[in-house]
Amino acid sequence: MKFSVLISLYDKENPSNLNDALESIYLQTVSANQIVLVKDGPINQDLEKIIGIWQQKFGGLMDVVSLNKNVGLARALNAGIAVCKYDWIARMDTDDVALSQRFEIQVNVLKKNPHISVLGSWISEHDESMGATISTRKVPETHLEILKYSKRRCPINHMTVFFQKKAVMSIGGYPHFDTRTNIEDYVLWAVLLHHGYNFMNIQKVLVKARTGSSLLNRRGGREYIKIEKYYLKKLKEIGFMNTYEYRSNLIMRFMVRLAPSKLRGWIYTLLRQSP
């Protein structure tokens, strides 16, 4: 099964993290047939150097898409999808590390389950140094479990996903909004579920993600509540959530976002252990 790997990079990424991410793709037990790296606006020379090194190592497999300005993750990924040659696309973030058997395991599952259009897995969350595991974000396995779960929380770990290009393109690609939420993937999964595409999550960790304590700071406060209200309203507008689900989500998220960082961290850890 041939597939492309899709990556989006912007100027503030740590060059060492980018190197680790690309190395983890290079060391896979099943190799990708294409790597598409989108430069979301101009990037610094240190990042350019890392790209140059890995372009040589990957040979002709890496295609680099250069955008004139920073357009945000959703638009950058849509530009990359247009360049992907194969119908199956594996997402990868530039600060995460894929376990060496990630692609092999996912390809084998997809071969055995041809009805699946979106396939993810669990992630382990780490600090910047990729030291000890802080937590494991578990997500449900079966389509019906994922559909139920998605009414409350994002059902797919974005950096682990394999998806069918034709499925995503059939709904217009990644949705992008007037405000940059960086959680457009949740809306993407919701729309795909709403259109009847089948989902599955492998019940094991396939990607090590850098999160750290800074994630909790970014996901708190009134500004984040505004962002969540914005995208939850979108899910209600397309009919994915009813009025009760919309309001109960707002209340729950309002309470979590305004909680102190330590309490919010405890809640996150608890929720991640229970798909």
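Everything discussed here concerns the structure shown above.
Everything in this summary refers to the structure shown in the same document. Note that the structure is a prediction, hence the values are computed from the model and not measured.

Calculation notes
Residues numbered from 1 in each chain as written. Predicted model: local features only at pLDDT ≥ 70, side-chain atom pairs only at ≥ 80, totals over all residues. Heavy atoms only, no water. Helix = DSSP H or I, 4+ residues; strand = E, 2+ residues; numbered from the N terminus. Buried < 20%, exposed > 50% of the residue type's maximum accessible area, 1.4 Å probe, protein only. Contact = heavy atoms within 4.5 Å. Polar contact = N/O pair within 3.5 Å; in protein donor to acceptor, adjacent residues only side chain to side chain. Patch = residues over 30% accessible without salt bridge, like charges linked within 9 Å, V, L, I, M, F, W, Y side chains within 5 Å. Areas by Shrake-Rupley, 256 points an atom, 1.4 Å probe, with all protein chains shown as cover. Salt bridge = Lys/Arg side-chain N within 4 Å of Asp/Glu carboxyl O. Lys, Arg positive; Asp, Glu negative; His and termini not counted. Charge placed at Lys NZ, Arg CZ, Asp CG, Glu CD. Pairing = 2+ DSSP bridges. Core = buried A, V, L, I, M, F, W, Y, C linked by side-chain atoms within 4.5 Å.

### Overview of the overall build of the chain
Line of reasoning, step 1. Each helix and strand counted, the chain has eleven helices and nine strands in total.
Line of reasoning, step 2. Per-residue burial over the chain gives 52% buried out of 275 residues.
Line of reasoning, step 3. Taking as baseline every contact in the chain between residues at least 6 positions apart, the subset at least 24 positions apart corresponds to 80%.

### Observations regarding the environment of L9
Line of reasoning, step 1. In this fold, L9 is placed in strand β1 (residues 3-9).
Line of reasoning, step 2. On the basis of relative accessibility, which here comes to 0%, the residue L9 falls in the buried class.
Line of reasoning, step 3. Spatially, the C-alpha atom of L9 lies 5.7 Å from that of D40, the residues being 31 residues apart in sequence.
Line of reasoning, step 4. If we skip the residues at most four places from it in the chain, L9 touches L18, L37, V38, K39, D40, I43, L47, I51 and T94.

### Overview of the side chain of R153
Line of reasoning, step 1. Within the secondary structure, R153 sits in the loop between α5 (143-149) and β8 (162-164).
Line of reasoning, step 2. Here the side chain of R153 touches Y149 through a polar contact of 3.0 Å, side chain to side chain.

### Some details on a positive patch on the surface
Line of reasoning, step 1. Taken together, the side chains of K229, K233, K236 and R247 present a region of like positive charge at the surface.
Line of reasoning, step 2. You can see K233 is positioned in helix α9 (residues 222-237).
Line of reasoning, step 3. Judged by its relative accessible area of 47%, K233 is partly exposed.

### What to know about the pairing of β1
Line of reasoning, step 1. The element β1 is largely enclosed, with a buried count of seven among its seven residues.
Line of reasoning, step 2. Burial of the side chains of β1 extends over both faces: F3, V5, I7 and L9 are buried on one face and S4, L6 and S8 on the other.
Line of reasoning, step 3. Two strands pair when backbone bridges link them, and β1 and strand β4 (residues 88-91) are joined in this way by four bridges, in the parallel orientation. Bridge pairing in β4 links S4 to I89.

### Overview of unusual backbone geometry
Line of reasoning, step 1. The phi dihedral of M130 falls on the positive side, at around 60 degrees, and the residue is not glycine.
Line of reasoning, step 2. With respect to the element layout, M130 can be found in the loop between β6 (116-126) and β7 (135-137).

### Comments concerning the nonpolar core
Line of reasoning, step 1. In this structure, F163, W189 and L235 are the most contacted members of the largest nonpolar core, which totals 38 residues.
Line of reasoning, step 2. Breaking this core down by element, the ones donating at least two residues are β2 (34-39), α3 (73-81), α6 (165-170), α7 (184-194) and α9.
Line of reasoning, step 3. Of the residues forming this core, the biggest block, eight residues, is contributed by α7.
Line of reasoning, step 4. Sequence-distant contacts of F163, defined by excluding residues within four places in its chain, comprise I81, D87, W88, I89, R91, S117, V118, V168, Y174 and W189.
Line of reasoning, step 5. The next biggest cluster of nonpolar side chains, apart from the first, holds 32 residues, and it includes A21, L22, F103 and M200.

Scope: geometric values only; no functional claims are made or implied.
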